[in-house]
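# Observations on the three-dimensional arrangement
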Amino acid sequence: MTDTDHEFWSQVKHFTPDEFGPGADHLSSELILELDAFRAFLGEKIVVTSGYREGDPHEHGKGLAVDIVIPKLGKMKLVNALFAAMRFKFRGIGIYSDWAYKGEVVGGLHLDMRVAEYRALWSAKRNMDNRNVYYALDTMTLRGLGLL
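What counts, and at which threshold
Residues numbered from 1 in each chain as written. Predicted model: local features only at pLDDT ≥ 70, side-chain atom pairs only at ≥ 80, totals over all residues. Heavy atoms only, no water. Buried < 20%, exposed > 50% of the residue type's maximum accessible area, 1.4 Å probe, protein only. Helix = DSSP H or I, 4+ residues; strand = E, 2+ residues; numbered from the N terminus. Contact = heavy atoms within 4.5 Å. Expected span 1.5 Å × (residues − 1). Polar contact = N/O pair within 3.5 Å; in protein donor to acceptor, adjacent residues only side chain to side chain.

## Focus on helix α3 (residues 78-85)
Burial runs high along α3: six of the eight residues are buried. Within α3 the residues assigned to the buried category are Leu78, Val79, Ala81, Leu82, Ala84 and Ala85. In this structure, the buried residues of α3 make contact with α2 (29-42), β3 (92-96), β6 (108-112) and α4 (139-144).

## Points about unusual backbone geometry
Of note, the phi angle at Lys102 is positive, near 50°, even though the residue is not glycine. Within the secondary structure layout, Lys102 lies in the loop between β4 (100-101) and β5 (104-105). Positive phi, normally seen in glycine, also occurs at Asn130, with a value near 65°. Structurally, Asn130 is set in the loop between β7 (120-126) and β8 (132-135).

## Thoughts on α2
Its 14 residues place the ends of α2 20 Å apart at the C-alpha level, agreeing with the 20 Å of an ideal helix rising 1.5 Å per residue. All of the buried residues along α2 are Leu31, Ile32, Glu34, Leu35, Asp36, Phe38 and Arg39. Taking the backbone nitrogen of Glu30 as reference, a side-chain oxygen 3.1 Å away marks Ser28 as the first, capping residue of α2. Immediately downstream of α2, the backbone of Gly43 shows phi near 75°, a positive value.

Okay, structure coming up:
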């Protein structure tokens, strides 16, 4: 770890590099700082379930994305976290109704700093083949996913 890394991490109040897994040094400092500010805003512990993914051609592989759960909020208040995330600089926000943490379905969010003119918003749920099916982010879909 370089002096610059130590200086950057000294700005992060709610996370340690270990919480981002072995690829923490590949993640965007802007992403981590924005996630840290989001955590402060929520006032709840955020658990990073996935960060940098080597070989992934999308945002995770570029060090621009994290997947998170907020265990204390639970699935029913996840939509509140989604709307809160929209207050921050995240350019991609996905809500997943079926993510589990410690054996309990709490749902989660994908947050990224993609380079795009417009923010990407979506909801998703795994199908019978264990593949994500993506939906438009609207109230009808959120109700169907059991989030409203």
